[in-house]
Amino acid sequence: MAGLLKPLRRGVWRYLSDRDILVAAGVTLVVFVGSLGLVYVTHLVNVWRIAWRSPVLGNTRRALLIFGRMLVQDRPEADFIGRLARGRDNVLAGRADRVLLLGGSSGGSISEAEAGRRWLAAAGEWPAEVAVTLEQLSIDSLENLRHARELLRPAQAAPLPAVWLVTSRYHLARCLYLARRLGFDAAPIAAEPRLALSGRYIVRMLMEAGYLMWIDIGMRWASLTGNRRMAARIS
């Protein structure tokens with residue numbers, strides 16, 4: 001039973017005991033039904049559009065944020081390896097001035113960020129001038145970005161550097177939305193060479209559209225009702 005419930009302790013599911021999140025879920029359901037599902041379709045199109053169009057190589061030099069993923073026996077699984085390899089490609093192409101590996105503990109003995117560092121070290125060549133920083137406190141994408149913001153900003157009032165977000169294509173739309181809400185000048189880099197719509201990938205994109213719809217409508221509701229506490233969750 002503990003194994004079956006483990007995914008519910010990560011990501012959006014761990015917030016289900018929070019009143020504001022439940023209110024956002026209720027409002028989202030009302031809007032979904034009232035729009036006959038069109039609001040979901042709009043977010044799904046956005047997830048697909050960003051997944052389809054995102055480049056694999058940046059065109060300028062920025063800080064590079066590589067998102068982690070749950071480990072398998074303390075090692076990166078296929079999606080995470082794809083993100084690490086794409087980040088490394090961009091570093092070797094001179095598109096990064098520093099790298100942040102994002103991801104805390106996902107149940108193993110080391111963090112996702114540390115597992116990513118070990119994979120990159122084993123991969124070989126790495127420019128000495130490109131520093132690698134580990135963000136090891138987070139367990140979801142929002143926390144990844146919050147902690148990255150703290151690591152990248154030398155002082156509270158200092159501007160944030162522009163960043164590349166390196167992650168799987170299905171995950172890019174949500175990461176971009178969150179990063180921009182948090183004040184980043186962010187642009188996407190896709191881990192996979194192209195969008196390949198396998199059954200697994202379609203399910204992931206359908207789920208991501210639901211998450212994004214929930215977050216977006218929740219934030220719009222917070223703005224409409226003046227709920228500062230709720231709005232402050234992603235600001």
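Our subject in this report is the structure included herewith. (Residues numbered from 1 in each chain as written. Predicted model: local features only at pLDDT ≥ 70, side-chain atom pairs only at ≥ 80, totals over all residues. Heavy atoms only, no water.)

### Topic: the overall build of the chain
Piece 1. Within the chain, the regular secondary structure consists of nine helices and five strands.
Piece 2. Ordered by position from N to C terminus, the α and β elements of the chain give α-α-α-β-α-β-α-β-α-β-α-β-α-α.
Piece 3. The C-alpha atoms of the chain give 18 Å as radius of gyration, which agrees with the globular expectation for 235 residues (18 Å, within 12%).
Piece 4. Taken over the C-alpha atoms alone, the chain extends approximately 55 × 45 × 35 Å along its principal axes.
Piece 5. Long-range pairs, those at least 24 residues apart, make up 74% of the contacts in the chain between residues at least 6 apart in sequence.
Piece 6. Counting every atom, the chain has about 11800 Å² of accessible surface; 61% of that belongs to carbon and sulfur. (Helix = DSSP H or I, 4+ residues; strand = E, 2+ residues; numbered from the N terminus. Rg over C-alpha atoms; globule rule 2.2 N^0.38 Å. Contact = heavy atoms within 4.5 Å. Areas by Shrake-Rupley, 256 points an atom, 1.4 Å probe, with all protein chains shown as cover.)

### What about the pattern of salt bridges?
Piece 1. In total, this model carries ten salt bridges according to the counting rule given.
Piece 2. Close ionic contact of Arg 86 with Asp 89 constitutes a salt bridge, the shortest N to O distance being 3.2 Å. Remark: Asp 89 and Arg 86 occur in helix α4 (residues 78-92); sequence separation between them is three residues, near one turn of the helix.
Piece 3. Classification of Arg 86 by relative accessible area gives buried; the value is 12%.
Piece 4. Classification of Asp 89 as partly exposed rests on a relative accessible area of 36%.
Piece 5. Arg 220 is the partner of Asp 216 in a salt bridge, and the nearest nitrogen-oxygen pair spans 3.1 Å. On the criterion of helical spacing, the pair formed by Asp 216 and Arg 220 is a turn pair, its members being four residues apart in helix α8 (residues 199-225).
Piece 6. In the salt-bridge network here, residues are joined through shared partners; they are Arg 69, Glu 77, Asp 79 and Arg 200. (Salt bridge = Lys/Arg side-chain N within 4 Å of Asp/Glu carboxyl O. Buried < 20%, exposed > 50% of the residue type's maximum accessible area, 1.4 Å probe, protein only.)

### Topic: the pairing of strand β1 (residues 62-67)
Piece 1. β1 sits mainly inside the fold: six of its six residues count as buried.
Piece 2. Pairing analysis gives six bridges linking β1 to strand β2 (residues 96-102), with the strands arranged parallel. Its bridge partner lying in β2, Leu 65 is registered against Leu 100.
Piece 3. Following the backbone out of β1, through α4 and into the adjacent parallel β2, one traces a crossover that is right-handed.
Piece 4. In the sheet, β1 pairs with strand β4 (residues 163-167) via four bridges, with the strands oriented parallel. Counterpart to Leu 65 in the pairing with β4 is Leu 165. (Pairing = 2+ DSSP bridges. Right-handed = clockwise from strand over helix to strand, strands pointing away.)

### Let's talk about a nonpolar patch on the surface
Piece 1. A cluster of nonpolar residues, Trp 48, Trp 52, Leu 197, Ile 202 and Leu 206, forms a patch on the protein surface that exposes about 500 Å² of accessible area.
Piece 2. For the nonpolar patch, the secondary-structure elements that each account for two or more residues are α3 (38-53) and α8.
Piece 3. Inspection of the secondary structure assignment puts Leu 206 in helix α8.
Piece 4. Among the residues examined, Leu 206 registers a relative accessible area of 37% and is labelled partly exposed. (Patch = residues over 30% accessible without salt bridge, like charges linked within 9 Å, V, L, I, M, F, W, Y side chains within 5 Å.)

### A word on the nonpolar core
Piece 1. Leu 65, Leu 145, Leu 152, Val 163, Leu 165 and Phe 184 are the most contacted members of the largest nonpolar core, which has 45 residues in total.
Piece 2. With ten residues, the single largest contributor to this core is α8.
Piece 3. Excluding anything up to four places from it in sequence, Phe 184 contacts Leu 145, Ala 148, Arg 149, Leu 152, Leu 160, Pro 161, Val 163 and Ala 179.
Piece 4. Judged by nonpolar contacts, the second largest core, of 18 residues, contains Ile 66, Leu 71, Ile 110 and Leu 120. (Core = buried A, V, L, I, M, F, W, Y, C linked by side-chain atoms within 4.5 Å.)

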